[in-house]
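Spelled out from the first residue to the last, the chains are:
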There are 2 protein chains.
Amino acid sequence: MTVQSGRRERKKAATRQKIADTALRLFLERGYDAVGIRDVAAEADVAVTTLFSHFASKEALVFEQDEDFEQRLTRAVTGRAPHEPLIPALRREVLALVRHCTADSAAPVWRMIDTSPALRKYEESVRMRHADALATAIAADPGPTRSETAARAIARFVIDAYSLAREAADPQAALDEIFPMIEAAWQVTSPSANDPGPATVLD
Amino acid sequence: MTVQSGRRERKKAATRQKIADTALRLFLERGYDAVGIRDVAAEADVAVTTLFSHFASKEALVFEQDEDFEQRLTRAVTGRAPHEPLIPALRREVLALVRHCTADSAAPVWRMIDTSPALRKYEESVRMRHADALATAIAADPGPTRSETAARAIARFVIDAYSLAREAADPQAALDEIFPMIEAAWQVTSPSANDPGPATVLD
DNA sequence: AATCTAACACTAACAGTTAGTGTTTTATAA
DNA sequence: TTATAAAACACTAACTGTTAGTGTTAGATT
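Residues numbered from 1 in each chain as written. Chains lettered and ligands numbered in written order. Predicted model: local features only at pLDDT ≥ 70, side-chain atom pairs only at ≥ 80, totals over all residues. Heavy atoms only, no water.

Caption draft 1: Layout of helix H5 (residues 86-102) of chain A. All names here are of chain A. Its 17 residues place the ends of H5 24 Å apart at the C-alpha level, agreeing with the 24 Å of an ideal helix rising 1.5 Å per residue. The complete set of buried residues in H5 reads Leu86, Ile87, Ala89, Leu90, Glu93, Val94, Leu95, Leu97, Val98 and Cys101. Those residues of H5 that are buried lie in contact with helix H4 (66-78), helix H6 (107-115), helix H7 (117-139), helix H8 (148-167) and helix H9 (171-187). (Helix = DSSP H or I, 4+ residues; strand = E, 2+ residues; numbered from the N terminus. Expected span 1.5 Å × (residues − 1). Buried < 20%, exposed > 50% of the residue type's maximum accessible area, 1.4 Å probe, protein only. Contact = heavy atoms within 4.5 Å.)

Shown next as structure tokens:
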């Protein structure tokens with residue numbers, strides 16, 4: 001099994017992209033519920049089974065790039081500058097992600113998501129996956145070690161911040177309010193939390 | 001339209017309960033995925049459409065009492081003793097709820113939920129509803145007023161605590177770790193948070 | 001050139017869910 | 001009591017997302 005020489009992979013990626021593009025276009029034109037899987041498959045000129053070999057579900061057609069999202073989050077932790085504090089790094093990345101979602105170009109898609117119960121539900125499960133991945137990254141972070149429970153809790157809080165900010169009228173203001181809360185929660189898990197001296201802000 | 005004199009309501013509740021009991025029994029006997037809606041309806045001796053007039057979905061059959069859950073949470077806020085601090089009251093209730101879920105009698109049901117993707121996903125959306133209800137209760141709480149954003153964030157954190165504790169090997173220990181984090185996050189939203197003096201613990 | 005594999009296609013079906021329609025039961029008004 | 005309205009229930013038939021089973025084709029490997 002050597003490396004694939006490309007054409008096959010390119011064709012596969014092209015088919016996948018064509019399906020995703022077609023789906024999104026139809027969903028935005030006629031509404032998510034009004035478009036059936038068979039419509040998407042026909043318009044993309046593939047069989048229904050082919051569609052499902054590229055996407056696990058109808059909802060997954062809309063969240064095509066959620067792996068990017070997850071990678072950006074975990075890399076904000078694992079790839080940050082040495083000794084850079086964790087929470088501010090996450091804050092920066094979450095802000096960037098929220099800006100990305102609330103940009104004008106993405107607005108119609110998110111309006112569609114917010115008005116479809118099926119899509120909202122699906123997004124919640126996607127967020128859970130992201131929270132788990134983030135928790136793993138945080139737990140593996142060097143420096144003063146916190147418990148796994150603390151890591152998982154902070155990861156959820158960060159995902160909550162993203163979710164609340166995305167829905168807020170003023171995302172930046174929401175983050176400005178929530179992230180100090182997260183910072184305080186994080187400080188309290190510090191190994192030196194029992195130290196009566198001034199709180200350390202080193203991470 | 002006067003008050004219903006009972007018989008009709010009792011019959012309706014009985015039908016609903018019979019459906020729920022039958023469903024849970026079959027699910028536990030044969031596995032959630034192996035039991036179809038038509039099986040449940042037949043065994044409960046009702047029509048499929050009747051089943052769906054009592055429950056919105058197959059998953060809802062399993063989360064029959066989720067409104068109780070929501071009420072207990074919101075009442076832990078709205079019905080607590082005057083001047084009782086918010087977070088400890090929530091901690092007590094969450095601990096009771098987690099104990100309830102992890103009790104031996106409920107264990108098989110939760111094992112079923114944890115192993116079925118469809119049920120896990122559904123539970124996530126139920127938790128979101130609970131978080132929203134809790135946020136409303138917190139926002140309406142008298143005393144030092146916090147912003148709506150802060151209320152929503154704390155509500156999510158509390159639901160996260162419940163969820164993480166329920167899955168943890170030692171639920172009590174998990175709550176002992178997470179609730180101080182929530183308390184710290186809550187303190188930071190206090191109107192006197194900018195006060196350089198000692199932190200108030202009054203609510 | 002021979003061959004192996006992965007992507008794709010097609011049919012048919014299954015499972016959850018709903019629309020449409022009609023029947024029975026219950027509560028209340030006359 | 002009887003008449004009437006409303007709610008619960010039943011039945012059929014369909015729609016929609018999803019999958020199993022089975023080939024077929026195009027690309028990669030030898």
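Caption draft 2: How the structure looks around unusual backbone geometry. Residue and element names in this part refer to chain B. Unlike most non-glycine residues, Asp45 shows phi in positive territory, near 60°. With respect to the helices and strands, Asp45 occurs in the loop between helix H2 (37-44) and helix H3 (48-54). Judged by its relative accessible area of 64%, Asp45 falls in the exposed class. Even without glycine at this site, His83 takes up a positive phi of about 70°.

Caption draft 3: Structural view of the environment of Ala137(B). All names here are of chain B. Mapped onto the elements of the fold, Ala137 is located in helix H7 (residues 117-139). Assessed through its relative accessible area of 9%, Ala137 is described here as buried. Residues Ala137 and Gln65, spaced 72 residues apart in sequence, show a C-alpha to C-alpha distance of 20 Å. Those residues in contact with Ala137 that lie beyond four places of it in its chain are Thr74, Val77 and Thr78.

Caption draft 4: Fine view of the pattern of salt bridges. As enumerated under the stated definition, the model contains 28 salt bridges over all chains in all. Residue Lys121(B) is joined to Glu59(A) by a salt bridge in which the shortest nitrogen-to-oxygen separation is 3.7 Å. Of this pair, Lys121(B) sits in helix H7 while Glu59(A) sits in the loop between helix H3 (48-54) and H4, each in a different chain. Among the ionic pairs, Arg166(B) bridges to Glu123(B), the shortest N-O distance being 3.5 Å. With Arg166(B) in helix H8 (residues 148-167) and Glu123(B) in helix H7, the pair connects residues that are 43 residues apart, well separated along the chain. The burial state of Arg166(B) is the same as that of Glu123(B); both residues are buried. Connected via shared salt-bridge partners are Asp114(A), Arg120(A), Glu123(A), Arg127(A), Arg166(A), Glu167(A) and Arg152(B). (Salt bridge = Lys/Arg side-chain N within 4 Å of Asp/Glu carboxyl O.)

Caption draft 5: View of the packing of aromatic side chains. Within this structure, the stated rule accounts for nine aromatic pairs over all chains. Measuring from ring centre to ring centre gives 5.4 Å for Phe63(B) and Tyr122(B), while their planes differ by 40°; the resulting arrangement is tilted. In this pair, Phe63(B) sits in the loop between H3 and helix H4 (66-78) while Tyr122(B) sits in helix H7, placing the two residues 59 residues apart along the sequence. When its relative accessible area of 12% is taken as the criterion, Tyr122(B) is described as buried. Put simply, the rings of Phe63(A), Trp110(A) and Tyr122(A) pair up and form one aromatic cluster. Its end group placed over the ring of Tyr32(A), Lys58(A) keeps NZ or CZ at 4.3 Å from the ring centre. Above the face of the Trp186(A) ring, Arg146(A) is positioned so that its terminal group lies 4.0 Å from the ring centre. (Phe/Tyr/Trp six-rings, centres within 6.5 Å; stacked < 30°, edge-to-face > 60°. Lys NZ or Arg CZ within 6 Å of the ring centre and 35° of its normal.)

Caption draft 6: Region of the structure containing the relation of the copies chain A and chain B. Its rotation angle being 180°, the transformation that places chain A on chain B also includes 0.0 Å of axial translation and leaves an RMSD of 0.1 Å. Classification of the inter-copy transformation places it as that of a two-fold axis. Interface residue correspondence from chain A to chain B reaches 100%, placing this contact among same-surface, isologous pairings. (Least-squares fit on C-alpha atoms with pLDDT ≥ 70 in both.)

On their own, these measurements won't tell you what the molecule is for.
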